[in-house]
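# Chain and residue survey
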2 protein chains.
Amino acid sequence: MALRLLPEGRIAEIVPGGTFLSALRSVGVHVPSACAGNGRCGQCRIRFPENAPPAMAEETELLSQAAIDAGWRLACRQIVTEATTLALPENVHAAQGKTVTGDITTCCPWAKRRTVPLPPPAGDRSLVERLEQALGARLHTPAAVLARLPGCPEDEPQVTASTVGRHLVQLECGSVREGPFGLALDLGTSTVAAYLLELEGGTEIGSRAAQNQQAAFGADILSRIAYAQQGSDSSRQELRAAAQTTVNELIEALLGEADLKAEHVVQAVVVGNPTMLHLLVGANVASLGQAPFAPLWQRWLTLKAVDLGLTLNPAARVALLPSISGYVGADVVAGLLACGVHETERPTLYLDLGTNGEIVLACSTHMVACSAAAGPAFEAVGISCGMPALEGAVDHVEIDHEVHCSTIGGDEPRGLCGTGLTDAVAELLRNGILDPSGRMTPPGGELTAHVEGEGNERRFMLTRGRHPVYVSQADVRKLQLAKAALRSAVEVLLEEAGITAQELHNVHLAGAFGAQMKPESLVRIGLLPEALADRVQAAGNAAGQGAKAVLADVRQARAARRLARRVAYLELASHSGFARRYVQAMHFPKQQEVQV
Amino acid sequence: MALRLLPEGRIAEIVPGGTFLSALRSVGVHVPSACAGNGRCGQCRIRFPENAPPAMAEETELLSQAAIDAGWRLACRQIVTEATTLALPENVHAAQGKTVTGDITTCCPWAKRRTVPLPPPAGDRSLVERLEQALGARLHTPAAVLARLPGCPEDEPQVTASTVGRHLVQLECGSVREGPFGLALDLGTSTVAAYLLELEGGTEIGSRAAQNQQAAFGADILSRIAYAQQGSDSSRQELRAAAQTTVNELIEALLGEADLKAEHVVQAVVVGNPTMLHLLVGANVASLGQAPFAPLWQRWLTLKAVDLGLTLNPAARVALLPSISGYVGADVVAGLLACGVHETERPTLYLDLGTNGEIVLACSTHMVACSAAAGPAFEAVGISCGMPALEGAVDHVEIDHEVHCSTIGGDEPRGLCGTGLTDAVAELLRNGILDPSGRMTPPGGELTAHVEGEGNERRFMLTRGRHPVYVSQADVRKLQLAKAALRSAVEVLLEEAGITAQELHNVHLAGAFGAQMKPESLVRIGLLPEALADRVQAAGNAAGQGAKAVLADVRQARAARRLARRVAYLELASHSGFARRYVQAMHFPKQQEVQV
C-alpha cells in the first residue's frame, strides 16, 4: 500500500494493519517517540492534510484542539488502513527522512538468499562444488559454515543458500522463504542501538536500544580506557564481555519479537567510536588514551560474528565501518553518510554531541573533522540532578515570571536531561539570572525564591516536587566548559575553511540530544553562532541510520569507505588558534545582542 | 657443519653436539627408531664408510661384528663432532630421503618474521598503517590479531612482525630473534603425528605421535561416522573435542621440549583422510557414511587456529590440504608429494595401508586413485593377539624347523603388530601350514606342537611366554580379506592404465607398516604381484613428510594443489571388473610358484 510523504512527496510502500509509527519505521522514517509508541509522550506527531481520521482519546489529551483541527494526529495511535498522504514534522522529514531517500526501497543488498536445485551427485563430488555449480559462483566457505553444513538427504530436491558477497553464510535443506536478515548496530559509549532488517527489501523489522553495560566501568571513554589498562588483560576482557552482553541481549530481544533464530541473521554492520570498536574486538586501547591518540587500525574491517562473540549466525559477516581518527569514529562516518553530507557541495556543519563532541565541516568537496573533549554535560552526566532522557526527565524549560517545565512522558519530574539543562541555562541567561561570565545571581522579583545557597552550592530550583530538580552553579560551569570546547572547535573549522558561519547552509545535529534540542537555546548559550539558529536540522540517530543504509545497500558501503578516506582530521590541541578561541568562547553571549 | 649423505651425495648442514639421529631428523632425514632413540631397538643403523668412530656398548650388543667392522653404527648413540660422510640404509635414503630433496634446505617459506623500525607517528595514524608502510605491503589483520596487538611505547625503536603470506599473525615490540615456527600435522584415524618446524630454515625441531583419542569412539572410520550421527550434534562435538585434545596435547609436549610458547607457532598444515578433517572442523560426516561417500568439501581450506580450537597462535594460518575423494584424502595427496610421484613419468604405484587402504597408480602424467575397504588387519586391529607397533610387539617372524620371532625393542613378546602378522602368515604359507585357501592344517614334524584347537579356534602358537602370542584361523581370514581388497584394487588400476605389474618402476609403501614390512612377505601373501618384490620402497610417514614440505615451502603447497586436481578417482564398487578380481584375489598364491 502506498504512503505519500509530504513535503518531499516520496512514495513509500507499506503493509496495512499496524500503526503509522511502525509503518513509517519500516520504511526508515523515524518519528520521535519517547514513550516507545504507548500514546503517552505526544511526540510522534504526523499530519493528515486531508481526510484526517477521528482523534482518539490520547490525541485529544496530548494535542491542542488547533493541532487536531489542522490534521495532526499521533503516529502511534492511528492504524494504517488505506493509501493516504501524510505530512511529517519538519525535523523528521528534513533529517531522518534523508537517510532513506530512495535507496532503501530500491536497495542493492550484499546478502542474497537463493533456493536452487542441487545438481545430482556425480561420483563423489563434494557438496560445496555442487552448490557452486548451482549458484554459478565460487564461494568462500569458512570453518563456521562447514561445521554447520547440513547432511541433506540425496532426495531433497533443493537447497537454500544465504550468501553475503561471495561468502556462503548458511545452507539449508529445502526452500526457505524468510530472510536474509541483518543487524545494524550503533555501539555508543552510553547507549547501544540495534536495528533488525530484512535485507532483500531493506525493511526494518525491529529496533531496540539499551544502556551500554560498560557504563559500570566508567561513564566516558577515558575512564573506560583507564579501566582497560588496569592489571593484566582481564579488565579489557571484562569491558569486551560487557559490550558483548549488551549487544547480545538486544539481539535476543529483537529476534524474540520477530520470532527469528540467531542463525537467520547473516550480516551485521557496526558503527561506534574507535574506543568502542577496539573494546568490542578485544583490542588494546592504550594508544587511544594518550597523545597522539592513535587507533590500532582505522579502516574497514570485516569479521565473522563468532570472532566477535555475537549471537548471530556464527559465520555472519560483520563489518566494522572505518574511522577518521582515534576520536572521530565510524559513527561519524555513518552519520555523515546518513545526512548526505558527502553529496552536497554547499557548506555544511555536522555535530554529534555525545559523550565526546565530534564536528565535521564540509565545504565544496573538502571535509575536515575534529573532536572536542566537551565532557558528558550535554548528556547530563555529572550534573547535580542529571539523568538520561527517560520518562520523568525535565526536557524543556521556559522561564518568564514563573518556571514552566515539561517532562518526557508527562510524568512527575525526576531529574534533568541534556536538553532540559541546556534550556534551563539558556532561560537563566535570558532572564539575567546568569550573567555572561556564568555567575548565578538572585534576580529580584518573583523568581528570587527559586535561588538557594551560596557560591558553587548556589542553585536555581526548577521544581520542588517529590524529587526537587535544580541547576547548580557548578552545573552551569560544566555546561560552560563543554559549550566553549565545541564553539571554539566550530570557530577553528570555519577559520580553516575560510568561511563565516553565515555562509553555512545546513547544520546537522546528530544524536538523541539533537533531535529534541531547541536551536535557540544552543544559540543563547553560545554553542552555535547566532546566524545558525534557523539552519539547525535534527539528524536523530544518524549513526544508526547510516549503519542501516550500509547494511542494506552495497553502494552505500562503497560510499562510506570513500567518505572515510575523504575526511581530513584536524587535531585541535596542536592548532595554534584553539586555546585563544577556547578562552574567548568561555563566556556566554550577552543576551541583549542575541536575536533568535 | 657439513654432513655428506651417501649414496646421493647430498650435503646437509647440521649443528654438532647432538646425536646423528636428531641431526639427521633436523634436515628431514628420518632413520627408523622404534625405541625413540634409546639404544634398545637397533633400527637406526647408519654406516661410516671411513673413520668409523669406536663402537659403543649398545652397538656391540645390537649389531653383528661384521656390521661393526663394515662401519655400521647406531645413529642414536653416536654424537656429531666433525664434518663427515655417512651412508644411509637403503630404505631411508630411497624413500624418506626423497621427501626432503634440496627443497627444505633451500626452502621458500610462507611465513616470514621481520624486525622493522616503525615510522614515527604522524598525527594519529593507526598502528596497522604504520606497520604496512614499514613492511611495504598491505596486510590482512583478522580479529584475533587485532585483539593481541601490543600497545608498544612510542619510544620503542622497532617491532617484529610475523606474517604468513599477506596475513599478519603476530606483532611484537622490539627485536625477536626466534621463529617463525610452524606445525605439520598428520591426523590419522589411529595415530596422530605432529612435527614442529622452524620455518625460516625449514628445520624440524621436534616430532611426536600419539594415539588418536577418537579411538574411544570406534577403531575405524565407519564406526566414527556412525557415532557422529548418534543423537544430536553432541556426539559430533565429542569426536571433534577428542581430535582437538589429541592434537593439543602433542602441541603442548612439542612446545615444552622446545621451550616455545603457543603464540610463536604462526602456521600449520594438516593432512588426514576426509573424515578426520571433517571431524576436526566439526562438520557433518553423514554423507561420508553412505554411497556415493561424498565429502562436504574437498579443496584446499585455510582457517585460523582459533577456528579449529588448536592451541597455537589464535591467528595462526592453518591449511587443510585438499582431498581427492571422500575416501582418498589429504594424507594421500601429501604422501604422493613426499614421494615425488607427481614428478616422475615412470609408472609408479603408491600404497598407504592404514586403517583404510588407499592406492594410487601414476602412469605418464595420469594419476588414478582408489580406496579399498581393507579393514584394519594390517594395523593388527581386531586380531586375536593384535597390538600397535610398540615395544614388545612381535614385528618379524621366521619359521623353519622352529619359530623365530623378533620384537620391537627386543623385549619379551606381548602381542603381534601388523608386520608380525603378515610375516607370520607368509611363513605359515611357505611352510605349508596354511594352504592357498587359507585353511590351517597341522604340518606334521617339529611344528605340529605349535598348532592348537579346531576350526576357527585353531591357532598357531608363535611364542608361549608370559603372554602367549599366536595367529588364529580367524586372524588369517581377516588378513586374507584385507589383502584381497588391496590386490584386486591394484589389478583394476593396472588394467585401467593398460599396463602390467612388470612395467611398474616403483612401489611406494607408505605408513609405519610400510617402513618395517618385508616386501617378500607381501608377495607371499599375494598382496603384491611377484614382479614387484624388488621395487618396493618404504615411504615412512610420507603423509607427514608431505605436510612438512608444504609447511616449509610455498612451492610445494602449489604443487600439492595441482597434484590434488590431477588425480582422478576410481570408484571400485561400481567398477565392472572389481567383484570378479576380488574373488580371484581371495586365495593365497601357491607358494611353490612364488620366487622371491
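Residues numbered from 1 in each chain as written. Chains lettered and ligands numbered in written order. Predicted model: local features only at pLDDT ≥ 70, side-chain atom pairs only at ≥ 80, totals over all residues. Heavy atoms only, no water.

Between the two copies, chain A and chain B, the superposition gives an RMSD of 0.1 Å; the rotation angle is 180 degrees and the shift along the axis is 0.0 Å. The transformation relating the two chain copies, once decomposed into turn and shift, fits a two-fold axis. By C-alpha distance to the rotation axis, the residue of chain A lying nearest is D307(A), at 4.4 Å. A shared binding surface is used by both copies, with 100% of the interface residues of chain A retained as interface residues in chain B. (Least-squares fit on C-alpha atoms with pLDDT ≥ 70 in both. Contact = heavy atoms within 4.5 Å.)

Here strand β18 (residues 393-399) of chain B pairs with strand β19 (residues 403-407) of chain B via five bridges, running antiparallel. Across the sheet, I399(B) pairs through a bridge with V403(B), a residue of β19(B). (Pairing = 2+ DSSP bridges. Helix = DSSP H or I, 4+ residues; strand = E, 2+ residues; numbered from the N terminus.)

The residue Q267(B) is located in strand β12 (residues 265-272) in this model. Non-local contacts of Q267(B), meaning those with residues more than four positions away in its chain, are made with W110(B), A111(B), V164(B), F181(B), G182(B), L183(B), L199(B), A316(B), R317(B) and L551(B).

With that settled, the discussion passes to unusual backbone geometry. With an omega of 0 degrees, the peptide bond between G179(B) and P180(B) qualifies as cis. Within the secondary structure, P180(B) sits in the loop between β8 (167-173) and β9 (181-187). Residue P292(B) is bonded to the preceding A291(B) through a cis peptide linkage, with omega at 0 degrees. Examined against the element boundaries, P292(B) turns out to sit in the loop between α9 (274-281) and β13 (301-304). One non-glycine residue with positive phi stands out, namely A380(A), at about 60 degrees. For A380(A), the location among the structural elements is in the loop between β17 (366-372) and β18 (393-399). Given a relative accessible area of 4%, A380(A) falls into the buried group. (Buried < 20%, exposed > 50% of the residue type's maximum accessible area, 1.4 Å probe, protein only.)

With that out of the way, let us pick up the sheet that holds strand β11 (residues 203-211) of chain B. Residue and element names in this part refer to chain B. Read across the open sheet, the six strands follow the order β11-β10-β9-β12-β14-β13; overall the sheet is mixed. Unpaired on one side and paired on the other, β11 and β13 mark the two borders of the sheet. Mean inter-strand twist for the sheet, computed between neighbouring axes without regard to direction, equals 20 degrees. The pairing of β12 with strand β14 (residues 317-320) spans four bridges and is classified as parallel. Bridge pairing in β14 places A268 opposite V318. Along the sheet, α9 contacts β9, β12, β13 and β14; its crossing angle with β12, the most-contacted strand, is approximately 135 degrees. (Axes fitted to C-alpha atoms, helices over the stretch in contact; angles between N-to-C directions.)

Residue and element names in this part refer to chain B. Along the polypeptide, E198 turns up in strand β10 (residues 191-198). Look at E198 and you get buried, because its relative accessible area is 17%. It is 38 Å that separates the C-alpha atoms of E198 and F293, two residues lying 95 residues apart in sequence. Discounting residues that sit within four places of it in the chain, E198 has contacts with G179, P180, F181, T203 and I205. Among the polar contacts listed, one links the side chain of E198 to the backbone nitrogen of G201, at a separation of 2.9 Å. (Polar contact = N/O pair within 3.5 Å; in protein donor to acceptor, adjacent residues only side chain to side chain.)

Okay, the side chain of Q480(B) next. All names here are of chain B. Tracing the backbone through its elements, the reader meets Q480 in helix α13 (residues 473-497). Assessed through its relative accessible area of 4%, Q480 is described here as buried. Polar side-chain contacts of Q480 include one of 3.0 Å to the side chain of R477. Dropping the residues within four chain positions of it, Q480 is found in contact with P436, S437, G438, M586, H587 and F588.

Our next topic: the interface of chain A and chain B. Residue-level contacts link 38 residues of chain A with 38 residues of chain B. Summed over both sides, the interface between chain A and chain B buries roughly 3,100 Å², with carbon and sulfur atoms accounting for 54% of that surface. Three residues stand out in chain A for area buried against chain B, namely D124(A), L296(A) and R299(A), and they jointly supply 22% of the buried area on that side. The tally of links from chain A across to chain B stands at two salt bridges. The residue E132(A) makes a salt bridge to R299(B) at a minimum N-O spacing of 2.4 Å. Looking at the side of chain A that touches chain B, the elements that each hand over two or more residues are α5 (127-135), α6 (143-146) and β13 (301-304) of chain A. At four residues, α5(A) tops the list of elements feeding residues into the side of chain A that touches chain B. Class assignment of the residues belonging to the side of chain A that touches chain B gives a composition of 20 nonpolar, nine polar and nine charged. (Buried area = accessible area lost by both parts, 1.4 Å probe. Salt bridge = Lys/Arg side-chain N within 4 Å of Asp/Glu carboxyl O. Nonpolar A, V, L, I, M, F, W, Y, C, P; charged D, E, K, R; others polar.)

For chain A, the average pLDDT comes to 88, and 95% of its residues sit at 70 or higher. For this predicted complex, the interface confidence score (ipTM) comes to 0.75, while the overall pTM stands at 0.77. (pLDDT = per-residue confidence, 0-100.)

This brings us to the sheet that holds strand β19 (residues 403-407) of chain A. Residues and elements named next belong to chain A. If you trace the three strands from one edge of the open sheet to the other, you get β19-β18-β20, paired in mixed fashion. The strands lining the two open edges of the sheet, one partner per strand, are β19 and β20 (415-416). Pairing between β18 and β20: two bridges, direction parallel. Note on β20: the bridge partner recorded for V394 is L416. Of the strands in this sheet, β18 and β20 touch helix α12 (residues 418-430), which is tilted by about 15 degrees from β18.

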